[in-house]
2 protein chains.
Amino acid sequence: MIALSTVKIFGGIGSVFSQASAACGCDMRFAVYTPPEDIHGAGPHPVLYWLSGLTCTEENFIAKAGVQRIAAELGLVIVAPDTSPRGPDINGNDVPDDPDGAYDFGLGAGFYVDATEAPWSKHYNMYSYITEELPALIENEFPVDAARSGIFGHSMGGHGALTIHLKNPKKYKSCSAFAPIVAPSAVPWGEKALSNYLGADKNKWAPYDATALLRDHGGSQAHILIDQGTADQFLETELKPEIFKAAADQAGQTLTLRMQAGYDHSYYFIATFIEDHLRWHHRDLTQTA
Amino acid sequence: MIALSTVKIFGGIGSVFSQASAACGCDMRFAVYTPPEDIHGAGPHPVLYWLSGLTCTEENFIAKAGVQRIAAELGLVIVAPDTSPRGPDINGNDVPDDPDGAYDFGLGAGFYVDATEAPWSKHYNMYSYITEELPALIENEFPVDAARSGIFGHSMGGHGALTIHLKNPKKYKSCSAFAPIVAPSAVPWGEKALSNYLGADKNKWAPYDATALLRDHGGSQAHILIDQGTADQFLETELKPEIFKAAADQAGQTLTLRMQAGYDHSYYFIATFIEDHLRWHHRDLTQTA
């Protein structure tokens, strides 16, 4: 594990690391924030994993969301990984460049799945990376209490957070999302990604579809929080939170879906409500500790 | 004036505008944040002008500093202009590209002066733009109380804030800075910029040198706040806040200089202390209103 950068922020330490990933077959980057030791001691602390949206790297969230202020206050470790494999083997070699040059598939668009289709299956194994390799590394190298882990994310990363929580509710005890993709099998972003990564058989998509997971396996014990801006340009075509709300009602999943009037899909929306999410997770992880 | 983007953030409105500038002879961009009307009414509100550092545009501060949260709470308008003229006439036409390709001169490095030397004098008139043209536009188009205006900035923008405040203490009643260049006549960044924009005669630099202004004209009635990280990579070569502190003591300028242990030159440092600065200005502008 190599530290690429380290800064002091709100009394704690924000760093970006690179580590060879077996799951992805390349070096993967991730950001870690650890809260001020003089306030919260040396840990172990509760830990939240943040999954970013399309086009993002490990940097967007830590630079723009204002998360460190509240993590410093509450004593939370924050982990923000990159959104896809990246590097010299990924583009143009093992994996061809996207002929569309599109932002919604391939680089920056791993969708938090383990790809089964060539050529993606060689590197695009973000589900295993996020749920196994990364937390093992974090728990080994940082002062975190694995029994108090939560997960959250934005857009494609909200999809990742919801599916990973629903499949691993004891590992990630708390869950929230900003403007998540909740039914990837039924929207253009998801259809493009899942058909390429997983093949044409939609039955294989269900384990990576939050709405299908609720339908097929029921809900979790967590109280999930979703914030969705009403001025989000992707609300009606890609996000459709009402589909997840209906499935949650059907499955008995406790869910608070807040439609936030006038907010869009950007990090300005995330920054506005990030404090609510951290307090939500902190409360859930303290209660279940 | 054209709105290039508008978002809701922390209940208020964050926008980026473009407007033809007579001073700079090109379109200039600036960001404006107005606080929530349902909390603070329609104004007029106190207004703070933020001047950014080398390489920045109007975007860095609004995306990374976390300023909107506190501006929303206190009811402040925030204005963040670009750091230099920019556009098709600037690079390669009226003004040649910097042969060095350096970050510390020309594009993104206006240094908040009115250039007197060709070819810079045709466009590089940031002092007039910031102190006359921009506030006239802001006071005409936005709900601000010009009698409660303050100015602050970072690095090159801290230099801008200090010099503009000291030359216009009644117009900008409050002043603060993060890691400012305080003595441009005596450090490499300033020597490069001022010699090119203003010529070799150092007497012409004094009106744009905060330390020289204190020496030659005395201090202001404001209580200036400066935060400076001790791990700032530019502290010893370019910033040297102790020079300004000595001049302030000599001139009777009230100054609080806080050396912040372990912080660097980045927006992570700014984000950590931005709340203190907004409260500082708000208090000063409320007292003097």
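Scroll up to find the structure.
Calculation notes
- Positions within a chain are numbered from 1, following the residues in the order the chain's sequence is written.
- Key to labels: chains lettered from A, ligands numbered from 1, both in the order written.
- Per-residue local features of the predicted model are confined to residues with pLDDT of at least 70, and side-chain atom pairs are confined, for both listing and counting, to 80 or more; whole-chain, interface and lining totals are unaffected and use all residues.
- By convention in this description, side-chain values take in all heavy atoms of the structure and omit both hydrogens and water.
- A pair of strands is treated as paired once DSSP finds two or more bridges between them.
- Here a helix means four or more residues in a row that DSSP labels H or I, a strand means two or more in a row labelled E, and each is numbered from the N terminus.
- Axes here mean lines fitted to C-alpha atoms, for a helix over just the part in contact, with angles spanning 0 to 180 degrees between N-to-C directions.
- Any two residues whose heavy atoms approach within 4.5 Å at even a single point are treated as in contact.
- Burial classes follow relative accessibility: with a 1.4 Å probe on protein chains only, a residue under 20% of its type's maximum area counts as buried, one over 50% as exposed, and anything between as partly exposed.
- Here a crossover is taken to be right-handed if, once the strands point away from the viewer, the path from the first strand over the helix to the second is traced clockwise.

## Let's talk about the sheet that holds strand β9 (residues 255-260) of chain B
All names here are of chain B. Read from one edge of the open sheet, nine strands run β1-β2-β3-β5-β4-β6-β7-β8-β9, paired in mixed fashion. Only two strands of the sheet have a single partner each, and these edge strands are β1 (2-9) and β9. Across the sheet, the axes of successive neighbouring strands diverge by a mean angle of 20°, strand direction being ignored. Where strand β8 (residues 224-229) meets β9, six bridges bridge the pair, whose relative direction is parallel. Directly across from Q228, in β9, lies its bridge partner M259. Lying over the sheet, helix α3 (residues 67-74) contacts β1, β3 (26-34) and β5 (77-81), oriented at roughly 60° with respect to β3. Across the sheet, helix α10 (residues 267-287) touches β4 (45-51), β5, β6 (144-154), β7 (174-178), β8 and β9, and the angle it forms with β7 is around 170°.

## A short note on the pairing of β6(B)
All names here are of chain B. Of all eleven residues making up β6, eight are buried, and the element is well covered by its neighbours. Bridge analysis of β4 against β6 gives six bridges, and the strand direction is parallel. For H45, the partnering residue across the bridge sits in β6 and is V144. Here β6 pairs with β7 via five bridges, running parallel. Looking at the pairing, I151 lines up with C175 of β7. Regarding topology, helix α5 (residues 156-167) serves as the crossover connection from β6 to the parallel β7, and that connection is right-handed.

Everything listed here is a matter of coordinates, which is why it stays silent on function.
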